[in-house]
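The primary structure of each chain is shown beneath.
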Amino acid sequence: MVIFRSISDIKEKLRHPAVTIGNFDGVHLGHREIFRRVRARAAELSGVSVVVTFVPHPLKVLGSHKEIRLITTRREKEFLIESAGIDYLLEIPFDREFAAVPAADFVQKVLVDAIGVESLVIGYDYAFGRGREGNVQLLRGMGERYGYSVEVLDPISNGATVYSSTKVRDMVSKGDVEGVVGVLGRHYAITGTVVHGHQRGRGLGFPTANLAMEKDLLPAAGVYAVKVCIGHELLDGACNVGTNPTFGNGALSLEVFLFDLDRDLYGREVTVFFIERLREERRFDDLQALKEQIALDVARCRGILQDAEPVGAGDWGPLKCRN
C-alpha cells in the first residue's frame, strides 16, 4: 500500500480510482465492508482502491471532543487498512484551518483534481467539511457534474449490533474484550515497548513486563488472559491493567506476566491481545494474599489460553505472530 501523507504528495491522478472517505478509527467490521466494496468497484473499473482519512482524528481538534479515546494509533490504522487490501491511503493533516474548507472545495480539489475519483463509496451516516455539509446530496450533485458515481452503504451490522467505533470504545472501556471481537473482527490489541517498572512482580515470583504505549483506549481495570506477540513468537500470559491499589501506586499501568519465559525483554516491542477478562482489579490486605490470588489468576489463564487463538493477529503489519 502506498501512503500519501499530504495532498501535495499526489503528483498525478491515480488510475481509475474507487475512493472512500472517513476516520476509520478501529478499522472494525463495518469499515472492512466499506473497504471490500471499494476494492470491488476498483476491480470493476480496472483501477485502484483509495482510502482518504485525516490526521489527527477531527474530534481531537474540534470542540469538546478532544478527550476522545481512539481505538487505534496512526500506525495501527495504517497496518489494518493495508491488511484490508487497499492500494492507496491518503492521510490529510487536519487542523482548524482545514476544518473550515467548504465541502465542495474539498471534493473538487482533493477527490477530483488530485485523485481523479471515478467511484465514491461512503457509509450511510458520513458527512464532512465545514458544518458537515459534505453529505450524500452534495456528493451526488457534484458526481453528476464531475463524472463520478456515488454508492451509499446501508448500516452494516451482525443483525443485532450496528458496527461503529463508538460501540467498540464502549465495549473495550467496560472490559468486554470477548464481545468486542464480534464488532472489531479481531481481538483488541495494544502494542508497546517493554520498560523498567517497580520490580514488584519479580519480588512476588511473577516478573512482569511493563509497557509504555501510545494507545488512548485501555480496557477496564482488571486482570486478563492474553496472548502476546514478540517478533514471530506468540506466547501466553496474564495481564493487569490498573493502578496497583495494594501498593498505592496511583499511576495507570499495563503489566504482563509471560508464562514460562525467562528472557530480558527491555526495549522490545510487543503486542498484547486481550482474550478474556478474569476479574476487576482490587486491593489486598497483604502481599501473601496478593501472591495467592496471582497464582490462581495464572492457573485460570493457562486453562483459558490452552486452545485459544487471537483473531486478527496476522493483520498487524510486520507483527506476523505464529506459534
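Counting from 1, residues in each chain are numbered in the order their sequence is written. In view of the model being predicted, local features appear only for residues whose pLDDT reaches at least 70, and side-chain atom pairs are presented and counted only at 80 or more, with totals across whole chains, interfaces and linings using the full set of residues. As a rule here, side-chain values come from all non-hydrogen atoms in the structure, and water together with hydrogens is ignored.

Enquirer: Before we move on, can you summarise the sheet that holds strand β5 (residues 119-123) with the specific residues and values?
Expert: Pairing between two strands is assigned when DSSP locates at least 2 bridges connecting them. Comment: elements are numbered from the N terminus, with helices defined as DSSP H or I runs of at least four residues and strands as E runs of at least two. In space, the six strands of this open sheet follow the order β1-β4-β3-β2-β5-β6, with parallel pairing throughout. Bordering the open sheet on either side are β1 (2-4) and β6 (149-153), each of which pairs with just one other strand. With strand direction ignored, the average angle separating the axes of adjacent strands in the sheet is 20 degrees. Where β1 and strand β4 (residues 88-93) come together, three bridges link them in parallel fashion. Looking across to β4, one finds that F4 is bridged to L90. Throughout, a residue-residue contact means that at least one pair of heavy atoms, one from each residue, lies within 4.5 Å. Axis definition: a line fit to C-alpha positions, over the contact stretch in the case of helices; interaxial angles, taken between N-to-C directions, run 0 to 180 degrees. Contacts from helix α5 (residues 136-146) reach β5 and β6 within the one sheet, and its direction differs from that of β6 by about 155 degrees.

Enquirer: Please give an account of the pattern of salt bridges that cites residues and values.
Expert: Proximity of charged atoms lets side chains of opposite charge pair with each other. When a carboxyl oxygen of Asp or Glu lies within 4 Å of a side-chain nitrogen of Lys or Arg, that pair is called a salt bridge. Applying the stated criterion to the full structure yields 17 salt bridges. The salt bridge involving R37 is made with E44; its shortest N-O contact spans 3.9 Å. Close ionic contact of E269 with R75 constitutes a salt bridge, the shortest N to O distance being 2.5 Å. Highlighted residues: E269 in strand β12 (residues 269-279) and R75 in helix α2 (residues 74-83), separated in sequence by 194 residues.

Enquirer: Before we move on, can you summarise the packing of aromatic side chains with the specific residues and values?
Expert: Whether two aromatic rings pair depends on their centres lying within 6.5 Å, for rings of Phe, Tyr and Trp, where Trp uses its six-membered ring; planes under 30 degrees apart make the pair stacked, over 60 edge-to-face, and the rest tilted. Applying the stated criterion across every chain, the model contains 12 aromatic pairs. For the pair Y224 and F274, a centre-to-centre distance of 5.3 Å together with 85 degrees between the ring planes defines the contact as edge-to-face. Here Y224, found in strand β9 (residues 222-230), pairs with F274, found in strand β12; they are 50 residues apart in sequence, far enough to count as distant. Accessibility assignment for this pair places Y224 and F274 in one class, buried. Grouped by ring-pair contacts, the aromatic residues F54, F94, F98, F106, Y126 and F128 constitute a single cluster. Placement of a charge over a ring requires the Lys NZ or Arg CZ to be within 6 Å of the ring centre, with the centre-to-atom vector within 35 degrees of the ring normal. The residue whose ring lies beneath R302 is F259, and the NZ or CZ to ring-centre distance is 4.6 Å. Three labels apply to residues, based on accessible area from a 1.4 Å probe with only protein chains included: buried if under 20% of the type maximum, exposed if over 50%, partly exposed otherwise in between.

Enquirer: Report on the side chain of S49, specifying residues and quantitative values.
Expert: Position of S49 among the secondary structure elements: in strand β3 (residues 49-55). Excluding residues within four positions of it along the chain, S49 makes contact with A18, V38, R39, A42, G85, I86, D87 and Y88.

Enquirer: Can you explain the state of the cysteines? Please cite residues and give values.
Expert: Any two cysteine sulfur atoms lying within 2.5 Å of each other are counted as a disulfide. One pass over the structure, following the stated rule, counts zero disulfides. Not part of a disulfide, C239 finds its nearest cysteine sulfur in C301, a span of 9.3 Å. Taking relative accessible area as the criterion, C239 reaches 1% and is therefore assigned buried. For C301, a relative accessible area of 0% puts it in the buried group.

Enquirer: Residue-level account of helix α1 (residues 29-45), with values.
Expert: In this model, α1 (17 residues) spans 24 Å end to end at C-alpha, consistent with the 24 Å of a helix rising 1.5 Å per residue. Listed in full, the buried residues belonging to α1 are G30, H31, I34, F35, V38, R41 and A42. Taken end-on, α1 shows its buried residues confined to a sector of 140 degrees, consistent with a single buried face. Residues of α1 that are exposed and angled more than 90 degrees away from the buried face: A43 and E44. If you follow the buried residues of α1, they end up packed against β2 (18-21), β3, α2, β5, β6 and α6 (165-173). Positive phi shows up at S46, right after α1, with a value of about 55 degrees. Here a helix's expected span is defined as the number of its residues, less one, multiplied by 1.5 Å. Note that the arc is defined by the directions from the helix axis to the C-beta atoms.

Enquirer: If you had to explain the side chain of D297 to someone new, which residues and values would you point to?
Expert: Summarising the element assignment, D297 is placed in helix α9 (residues 287-305). Residue classification places D297 among the buried residues on the basis of a relative accessible area of 5%. For D297, the side chain forms a polar contact with the side chain of R279, separated by 2.7 Å. Excluding anything up to four places from it in sequence, D297 contacts V223, L278 and R279. As used in this structure description, the phrase polar contact means that two N or O atoms lie within 3.5 Å; if the pair is within protein, one of them must be able to donate a hydrogen and the other to accept it, and residues adjacent in sequence are counted only when both atoms belong to side chains.

Enquirer: Go over unusual backbone geometry, please, and point to the residues and values.
Expert: The peptide bond linking V55 to P56 adopts the cis configuration, its omega dihedral lying at -5 degrees. Looking at where P56 falls in the secondary structure, it is placed in the loop between β3 and α2. Phi is positive for S46, close to 55 degrees, though the residue is something other than glycine. Relative to the assigned elements, S46 resides in the loop between α1 and β3. In this structure, R132 is a non-glycine residue whose phi angle is positive, near 55 degrees.

Enquirer: So what's going on with the packing of helix α4 (residues 103-115) against α5? Which residues, and what values?
Expert: Across the interface, α4 lies against α5 with an axial gap of 11 Å and an inter-helix angle of 45 degrees. With respect to each other, α4 and α5 are oriented oblique. Note that α4 runs across α5; the crossing there is right-handed. Facing A103, A104, V107, Q108 and V112 of α4, the residues of α5 in contact are L138, L139, M142 and Y146. Here the nonpolar group is Ala, Val, Leu, Ile, Met, Phe, Trp, Tyr, Cys and Pro; Asp, Glu, Lys and Arg are the charged ones; every other residue, Gly included, is treated as polar. A breakdown of the residues in the contact of α4 with α5 according to their chemical character gives eight nonpolar, one polar and no charged. Note that the term roughly parallel is reserved for angles under 35 degrees, roughly antiparallel for angles over 145, roughly perpendicular for angles of 65 to 115, and oblique for everything else. In this scheme, a crossing is called left-handed if the near helix is turned counterclockwise away from the far one by less than a right angle; it is called right-handed if the turn is clockwise.

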